[in-house]
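One letter stands for each residue in the lines below.
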Amino acid sequence: MIVAACALLNEAGAVLIAKRPLGRPLAGLWEFPGGKVEAGEEPEEALIRELAEELGIEIAKGDLTPLTFASHAYPDFHLLMPVYLCRRWRGSITANEGQELAFVRPEELRRYGMPPADEPLKIALPGLLRV
């Protein structure tokens, strides 16, 4: 399964994370916004769609920069997750799916429980996101 994720970085150098709501798999864990790449869809297109749905923001494809990736074998599937960096978007970020949102300094990511696929990113992103 391919899931695209985005490190939305604000002007202060903090990255947006979202808490998975109750009733969903891995509820209560924090993750980078994004979602499943549908058949025939490019990862960038999936992110543009997912971030509009989840956060109510518009992102231009040219504002997504490939950053890193994660690969993790869950019991029922293998997840491959390209992660993109985005520093520019239009609109105000809104929790359209009832999720809790937080902008955190990259070095503070270690304080947040995240799904297994995201765990290695907590270590890698602070170095990758230095501005």
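Notes on the structure follow. Given the structure is predicted, the values throughout are model-derived calculations rather than measurements.

1. Re the pattern of salt bridges
Pairs can form between side chains of opposite charge once their charged atoms are near each other.
Right, on to step 1. Under the counting rule described, the total for this entry stands at ten salt bridges.
Right, on to step 2. It is possible to trace a salt-bridge network through shared partners that takes in Glu 41, Arg 49, Glu 50 and Glu 53.

2. Observations concerning helix H2 (residues 119-128)
Right, on to step 1. Every buried residue belonging to H2 is among Leu 121, Lys 122, Leu 125 and Pro 126, and all of these are buried. Mapping the buried residues of H2 onto a view down its axis gives an arc of 125°, with all of them on the same face. The exposed set on the far side of H2, more than 90 degrees from its buried face, consists of Pro 120, Ile 123 and Gly 127.
Right, on to step 2. Those residues of H2 hidden inside the fold are in contact with strand E5 (65-73) and strand E6 (78-86).

3. Considerations on the sheet that holds strand E2 (residues 15-19)
Right, on to step 1. The strand order E3-E2-E7 describes an open sheet built from three strands, whose pairing is antiparallel. Two strands close off the open sheet at either side, each with one partner strand: strand E3 (30-31) and strand E7 (100-104).
Right, on to step 2. Inspection of the sheet shows E2 paired to E7 by five bridges, in the antiparallel sense. Paired with Ala 18 across the two strands is Leu 101, which belongs to E7.

4. Regarding the sheet that holds strand E4 (residues 34-36)
Right, on to step 1. With mixed pairing, four strands are arranged side by side in an open sheet as E4-E1-E6-E5. Only two strands of the sheet have a single neighbouring strand rather than two, namely E4 and E5. Averaged over neighbouring strand pairs, the angle between their axes works out to 20° when direction is ignored.
Right, on to step 2. Where strand E1 (residues 3-8) and E4 come together, three bridges link them in antiparallel fashion. In the sheet register, Ala 4 faces E4, and the bridge partner there is Gly 35.
Right, on to step 3. Against the sheet, H2 engages E5 and E6, with an angle of about 170° to E5.

5. Thoughts on the nonpolar core
Right, on to step 1. Formed by 23 residues in total, the largest nonpolar core has its most connected members in Val 15, Ile 17, Phe 32, Leu 109 and Leu 129.
Right, on to step 2. Contributing elements (two or more residues each) for this core: E1, E2, E5, E6, E7 and H2.
Right, on to step 3. Here the element with the most residues in this core is E6; it accounts for four residues.
Right, on to step 4. Ignoring sequence-local partners within four residues, the contact set of Val 15 consists of Ala 7, Leu 8, Leu 9, Phe 32, Ala 102, Phe 103, Val 104, Leu 109 and Leu 129.

6. Here we look at the packing of aromatic side chains
Right, on to step 1. This structure, assessed with the given rule, holds two aromatic pairs.
Right, on to step 2. Judged by centre distance (5.3 Å) and plane angle (75°), the ring pair of Trp 30 and Tyr 112 falls under edge-to-face. Here Trp 30, found in strand E3, pairs with Tyr 112, found in the loop between E7 and H2; they are 82 residues apart in sequence, far enough to count as distant.

Conventions adopted
Residues numbered from 1 in each chain as written. Predicted model: local features only at pLDDT ≥ 70, side-chain atom pairs only at ≥ 80, totals over all residues. Heavy atoms only, no water. Salt bridge = Lys/Arg side-chain N within 4 Å of Asp/Glu carboxyl O. Buried < 20%, exposed > 50% of the residue type's maximum accessible area, 1.4 Å probe, protein only. Helix = DSSP H or I, 4+ residues; strand = E, 2+ residues; numbered from the N terminus. Arc of directions from axis to C-beta. Contact = heavy atoms within 4.5 Å. Pairing = 2+ DSSP bridges. Axes fitted to C-alpha atoms, helices over the stretch in contact; angles between N-to-C directions. Core = buried A, V, L, I, M, F, W, Y, C linked by side-chain atoms within 4.5 Å. Phe/Tyr/Trp six-rings, centres within 6.5 Å; stacked < 30°, edge-to-face > 60°.

That's the geometry; what it means functionally is another story.
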